[in-house]
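For reference, the chains in residue letters:
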Amino acid sequence: EKDGTFGSKLHPEAGFAVDAPATAPDLHEMDAARSELLTRWSDMHYDPVQDPEAFEALDAALQKSSVECASAAVLSAYPDAATLVLKENEDGENQYEIEKILDADGNELADTEDPDFDIPYGDNAFVQETVWMLNPADNGWAADRAVITKKMGTKFAAVDLKAVLASR
């Protein structure tokens, strides 16, 4: 029988999730780890008796670290960024260069054609030099992190910044 009072039974509330911002990665720590890999890579690259399998594994680790550093630096400078668009260097240098940075809706946040383009981290060329380590002939670094396309003979990589850092 109901007497008009509220019961003391607990009712589960509708579930909801709050997207709390993830802790920003420590760029200096990431850069130091990448620099260590780069030193080992350089030593092994020029070693006449290098172990090809060990070098391949080290190269893959350096490319992964490079895309992570670049992504973290871009997100630090452009918190609304979602995609880093890379373009294969057309001078035959077998490397990528930054083309532009897009938000989640595909709007351009920055373009390297803009003379004021800058990602303030380390020295001014840090992010550009970091993406130079991504090999257009080896898409292993892009797995679940970037979409590779080819337009008129030139490769492009649309790097999903959040996916890159989630895979760290």
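Residues numbered from 1 in each chain as written. Predicted model: local features only at pLDDT ≥ 70, side-chain atom pairs only at ≥ 80, totals over all residues. Heavy atoms only, no water.

(A) Fine view of the overall build of the protein. Counting its secondary structure elements, the protein contains 4 helices and 5 strands. In sequence order, the secondary structure elements of the protein are arranged as α-α-β-β-β-α-β-β-α. In the protein, which comprises 168 residues, the share counted as buried stands at 35%. Restricting to contacts in the protein with at least 6 residues of sequence separation, those with at least 24 account for 59%. (Helix = DSSP H or I, 4+ residues; strand = E, 2+ residues; numbered from the N terminus. Buried < 20%, exposed > 50% of the residue type's maximum accessible area, 1.4 Å probe, protein only. Contact = heavy atoms within 4.5 Å.)

(B) The arrangement of the pairing of strand β4 (residues 146–151) in detail. Pairing between β4 and strand β5 (residues 154–160): 6 bridges, direction antiparallel. Within β5, the position partnered with Ile-148 by the bridge is Ala-157. Between β4 and β5, which follow one another and run antiparallel, lie 2 residues, and Met-152 among them has a positive phi close to 50°. (Pairing = 2+ DSSP bridges.)

(C) The arrangement of the packing of aromatic side chains in detail. According to the stated counting rule, one finds 2 aromatic pairs in the structure shown. Ring centres of Trp-41 and Phe-55 lie 5.6 Å apart, and the angle between their planes is 35°; on these two criteria the pair is classed as tilted. In this pair, Trp-41 sits in helix α1 (residues 27–45) while Phe-55 sits in helix α2 (residues 52–77), placing the two residues 14 residues apart along the sequence. Classification of Trp-41 by relative accessible area gives buried; the value is 15%. Judged by its relative accessible area of 13%, Phe-55 is buried. The ring of Phe-156 has Lys-151 sitting right over it, with the charged end atom 5.0 Å from the ring centre. (Phe/Tyr/Trp six-rings, centres within 6.5 Å; stacked < 30°, edge-to-face > 60°. Lys NZ or Arg CZ within 6 Å of the ring centre and 35° of its normal.)

(D) View of a negative patch on the surface. Side chains of Asp-51, Glu-53, Glu-56 and Asp-138 sit close together on the surface and give a patch of like negative charge. Here Asp-138 lies in the loop between α3 (126–131) and β4. Exposure remark for Asp-138: the relative accessible area of 31% places this residue in the partly exposed category. (Patch = residues over 30% accessible without salt bridge, like charges linked within 9 Å, V, L, I, M, F, W, Y side chains within 5 Å. Areas by Shrake-Rupley, 256 points an atom, 1.4 Å probe, with all protein chains shown as cover. Salt bridge = Lys/Arg side-chain N within 4 Å of Asp/Glu carboxyl O. Lys, Arg positive; Asp, Glu negative; His and termini not counted. Charge placed at Lys NZ, Arg CZ, Asp CG, Glu CD.)

(E) Examining unusual backbone geometry more closely. A positive phi angle, near 60°, is found at Asp-144, a position not held by glycine. Here Asp-144 is to be found in the loop between α3 and β4. For Asp-144, a relative accessible area of 78% corresponds to the exposed category. At Met-152, a residue that is not glycine, the phi angle is positive and equals roughly 50°. Position of Met-152 among the secondary structure elements: in the loop between β4 and β5. Residue classification places Met-152 among the exposed residues on the basis of a relative accessible area of 87%.

(F) Focus on the sheet that holds strand β2 (residues 96–103). With antiparallel pairing, 5 strands are arranged side by side in an open sheet as β3-β2-β1-β5-β4. Each having just a single partner strand, β3 (108–111) and β4 make up the two edges of the open sheet. Averaged over all pairs of adjacent strands, the angle between strand axes in this sheet comes to 25°, irrespective of strand direction. Across 3 bridges, the pairing between β2 and β3 is antiparallel. When the bridges of β3 are listed, Lys-100 appears paired with Asp-111. In the packing of α2 onto the sheet, the strands contacted are β1 (81–88), β2 and β5, and the crossing angle to β1 comes to about 130°. (Axes fitted to C-alpha atoms, helices over the stretch in contact; angles between N-to-C directions.)

Just geometry here; none of it tells us what the structure is for.
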